[in-house]
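Descriptive structure summary
Given next are the chains, with one letter for each unit.
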Amino acid sequence: MKYSEVIDKVSKIELVLTKRGKTFKDYRHLTITEGTEVYILNIIKGRLYPDKKTMNPTYEPYPVKQEAIDRLQQLADELRNKGFVEEPRDILFQIAEKEKYVYDKAKWHYDGDFPQQLEHHQAYVPSGMFIAWVVKNDLLSKWSRKEDAAEIELVKRDEMTGAQFYRKNWDGVLSSNELSDEADAFAREYLNIQNDIYTAVDFTNVLAAGLPTIYHVEDSIENYHIIEPIITERYQDWKRRKKSGA
């Protein structure tokens with residue numbers, strides 16, 4: 001059945017074509033959706049790995065339905081000539097999505113047992129120090145490296161604190177989405193809510209010693225440089241144990 005015959009029967013066309021590589025499949029997900037007086041050809045390029053899926057969408061608007069159909073058919077033919085084959089759309093959803101794990105929210109702090117005399121910004125400081133360490137050690141997710149590129153450079157040059165970055169760029173939410181796979185694995189042990197070594201032990205004993213609460217720690221580059229080697233030592237120890245299988 002031709003594309004032009006199909007389009008009259010359904011409000012949306014979908015076509016998935018893939019080409020196998022050594023460790024992944026390249027895929028193209030082509031769809032036509034009808035907007036307000038326009039027809040949108042959605043072109044999603046990506047790769048299917050055993051444990052994850054990447055995607056890079058682009059959109060082409062057309063005023064006439066047949067123009068969108070013709071363009072989709074042209075792209076599909078070009079891909080087939082390059083060795084792509086058509087597959088059921090279900091192949092795009094067979095990969096389990098990476099579990100999102102939320103390590104901390106500033107809101108949890110300033111809506112909880114937080115000293116009322118302090119500014120809300122102080123609730124961002126403890127996790128902000130850890131985030132600065134992640135930034136400086138290039139352990140951010142690919143998404144964050146792209147979206148937060150300008151502020152990442154400011155943190156690396158000590159022109160922005162981790163707490164400022166945490167507040168401005170991540171809206172006070174630290175989750176696995178912002179971390180590389182390695183940083184995520186490390187944080188699941190180091191920032192574990194049930195056994196929080198970072199905040200309850202290192203941050204408290206190193207920076208908050210003698211202060212009324214952890215929220216009284218000054219958000220300064222100097223304080224970051226005090227906690228930095230402690231986090232690095234924990235990370236290196238974690239890597240050694242991971243390598244030895246302990």
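In what follows, the accompanying structure is described. Note that this is a predicted model, so its numbers are computed, not measured. (Residues numbered from 1 in each chain as written. Predicted model: local features only at pLDDT ≥ 70, side-chain atom pairs only at ≥ 80, totals over all residues. Heavy atoms only, no water.)

A few words on the sheet that holds strand S5 (residues 85–87). Strand order in this open sheet of 5 strands is S4-S3-S2-S1-S5, and the pairing throughout is antiparallel. Every interior strand has two partners, whereas the edge strands, strand S4 (56–62) and S5, have only one. Shown here is a sheet whose adjacent strand axes are inclined to one another by a mean of 25°, direction ignored. Here strand S1 (residues 13–20) runs beside strand S2 (residues 25–34); their pairing, made up of 8 bridges, is antiparallel. Counterpart to Ile-13 in the pairing with S2 is Ile-32. Across the face of the sheet, helix H2 (residues 65–81) comes into contact with S1, S2, strand S3 (39–48), S4 and S5 while running at roughly 170° to S2. (Pairing = 2+ DSSP bridges. Helix = DSSP H or I, 4+ residues; strand = E, 2+ residues; numbered from the N terminus. Axes fitted to C-alpha atoms, helices over the stretch in contact; angles between N-to-C directions. Contact = heavy atoms within 4.5 Å.)

All right, on to the packing of helix H9 (residues 197–206) against helix H10 (residues 221–244) then. Contact pair H9 / H10: the axes reach a minimum separation of 10 Å and the direction vectors enclose 140°. As the angle between them shows, H9 and H10 are arranged oblique. Crossing angle aside, the handedness with which H9 passes H10 is right-handed. Of the residues in H10, those touching H9 at Ile-197, Tyr-198, Val-201, Asp-202, Phe-203 and Val-206 are Ile-226, Ile-227, Ile-230, Ile-231 and Arg-234. (Parallel < 35°, antiparallel > 145°, perpendicular 65-115°, else oblique. Left-handed = near helix turned anticlockwise from the far one by under 90°.)

What follows is about the pairing of S2. Where burial is concerned, most of S2 is hidden: 7 out of the 10 residues are buried. Hairpin connection between S1 and S2: a loop of 4 residues separates the two successive antiparallel strands. Relative to S3, S2 is paired through 10 bridges, and the arrangement is antiparallel. Bridging from a neighbouring strand, Asp-26 pairs with Arg-47 of S3. (Buried < 20%, exposed > 50% of the residue type's maximum accessible area, 1.4 Å probe, protein only.)

For the rest of this paragraph, the subject is helix H7 (residues 162–169). Looking only at H7, the buried set comprises Gly-162, Ala-163, Phe-165, Tyr-166 and Asn-169. Take H7 and look down its axis: the buried residues cluster within an arc of 160°, on one side only. Residues of H7 that are buried sit in contact with strand S6 (102–105), helix H3 (106–110), helix H4 (125–136), helix H6 (149–156) and strand S7 (173–175). Taken from the residues just after H7, Asp-171 is the one with a positive phi, measuring 55°. (Arc of directions from axis to C-beta.)

Bringing unusual backbone geometry into the picture now. Even without glycine at this site, Asp-138 takes up a positive phi of about 55°. Along the chain, Asp-138 falls in the loop between H4 and helix H5 (142–147). Phi at Asp-171 is positive, roughly 55°, even though this residue is not glycine. Within the secondary structure, Asp-171 is located in the loop between H7 and S7.

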